[in-house]
Amino acid sequence: MTTPTIGKMLDDTVPMAHTLNLKYLETSPERAVLQLPDQPAYHNHLGGPHAGAMFTLAESASGCIVLAAFGAQLSRAVPLAVSAEIAYKKLAMGEVTATAVLGRPAAEVVAELDAGGRPEFPVTVEITRADGAVTGVMTVTWTLRPNS
């Protein structure tokens, strides 16, 4: 899958991602990088991005890497988020960027699926502001639920 295909797929299937006007900077099996533009409609009481918007940004980045890494498995398994945990570290202001990485090798996850399992795997996401400061860290646990 190419970057525009994954971004379009997410926008088409997850209306909230589309609503936030997320920018898809990189979506590969190795990492996904998405950006939330500075938009007053999604500000909090301090004038920065609302925590809910940052959660959606990070969760969307995790979904993009899952689609990039496991897109070939979509005919036999559905990717589902099992749980998510986020820690807000510093005040976020302006545009923020989320960078997601897989916590297990994709080949290992596919091998577990091939063996008849329902693999779970973490995706870690760092949210940064323009000056590079980490404003939040999220871990999303995903599964590939077999269709049968």
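These remarks concern the structure in this document. (Residues numbered from 1 in each chain as written. Predicted model: local features only at pLDDT ≥ 70, side-chain atom pairs only at ≥ 80, totals over all residues. Heavy atoms only, no water.)

Considering the overall build of the protein
Test applied: Runs of E in the DSSP output that reach at least two residues are strands. Runs of H or I that reach at least four are helices, and both are numbered from the N terminus. The size measure is the radius of gyration over C-alpha atoms, and the globule rule it meets is 2.2 Å times the number of residues to the 0.38 power. Buried residues are those whose accessible area, probed at 1.4 Å on protein chains only, stays under 20% of the maximum for their type, while exposed residues exceed 50% and partly exposed ones sit between those limits. Note on contacts: a residue pair qualifies if any of its non-hydrogen atoms lie within 4.5 Å across the two residues. Charge counting treats Lys and Arg as positive and Asp and Glu as negative, with His and both chain ends excluded. Charged groups are reduced to one reference atom each: NZ for lysine, CZ for arginine, CG for aspartic acid, CD for glutamic acid.
Broken down by element type, the protein carries four helices and six strands. Walking the protein from its N terminus toward its C terminus, one meets helices and strands in the order α-α-β-β-α-β-β-α-β-β. In terms of overall dimensions, the protein is globule-like: its C-alpha atoms have a radius of gyration of 15 Å, near the 15 Å expected for 148 residues. Along the first, second and third principal axes, the C-alpha set of the protein runs to 50 × 25 × 20 Å. Here the protein, with 148 residues, has 41% of them falling under the buried criterion. Within the protein, contacts between residues separated by at least 24 positions form 67% of all contacts whose residues are at least 6 apart in sequence. Across the protein, the 10 positively charged side chains and the 14 negatively charged ones have centroids separated by 1 Å.

A word on helix H3 (residues 51–70)
Going by this rule: A helix is expected to span 1.5 Å for every residue after the first.
Here H3 contains 20 residues, and its C-alpha end-to-end distance of 28 Å stays within 8% of the 28 Å for a straight helix at 1.5 Å per residue. Counting buried positions over the 20 residues of H3 gives 15, a clear majority of the element.

Here's the deal with helix H4 (residues 106–114)
In an α-helix, one full turn covers 3.6 residues, which means residues spaced three or four apart are oriented alike. This is how it is decided: Note that the arc is computed from the directions linking the helix axis to the C-beta atoms.
If you check which residues of H4 are buried, you get Val-109, Val-110 and Leu-113. For H4, the angular spread of the buried residues around the axis is 95°, confining them to a single face. In this structure, H4 carries Ala-107 and Asp-114 as exposed residues pointing more than 90 degrees from its buried face. Against the buried residues of H4 lie H3, strand S3 (77–88), strand S5 (120–129) and strand S6 (134–146). Of the residues one or two after H4, Gly-116 is the one with positive phi, at around 95°.

Details of the sheet that holds S6
Rules: When DSSP finds two or more bridges between a pair of strands, those strands are recorded as paired. Note on geometry: axes are lines fitted to C-alpha atoms, helical ones only across the stretch in contact, with angles between N-to-C directions running from 0 to 180 degrees.
Reading across from one edge, S1-S2-S4-S5-S6-S3 is the order of the six strands in this open sheet, with antiparallel pairing throughout. Bordering the open sheet on either side are strand S1 (23–27) and S3, each of which pairs with just one other strand. Averaged over all pairs of adjacent strands, the angle between strand axes in this sheet comes to 20°, irrespective of strand direction. Bridging between S5 and S6 involves nine bridges; their strand directions are antiparallel. Across the sheet, Glu-120 pairs through a bridge with Thr-143, a residue of S6.

Some details on the pattern of salt bridges
As a reminder of what qualifies: Think of a salt bridge as a Lys or Arg side-chain nitrogen and an Asp or Glu carboxyl oxygen that are within 4 Å of each other.
Tallied over the entire structure, the rule returns six salt bridges. In this structure, the salt-bridge partner of Asp-12 is Lys-8, at a minimum N-O distance of 2.9 Å. One end of the pair, Asp-12, and the other, Lys-8, are both in helix H1 (residues 3–13), four residues apart, so they sit about a helical turn from each other. Taking the relative accessible area as the measure of exposure, Asp-12 reaches 52% and is therefore exposed. Note that Arg-129 is salt-bridged to Asp-131, the shortest N-O span being 2.9 Å. Three or more residues joined by partner-sharing salt bridges are found here, namely Arg-104, Glu-108 and Glu-112.

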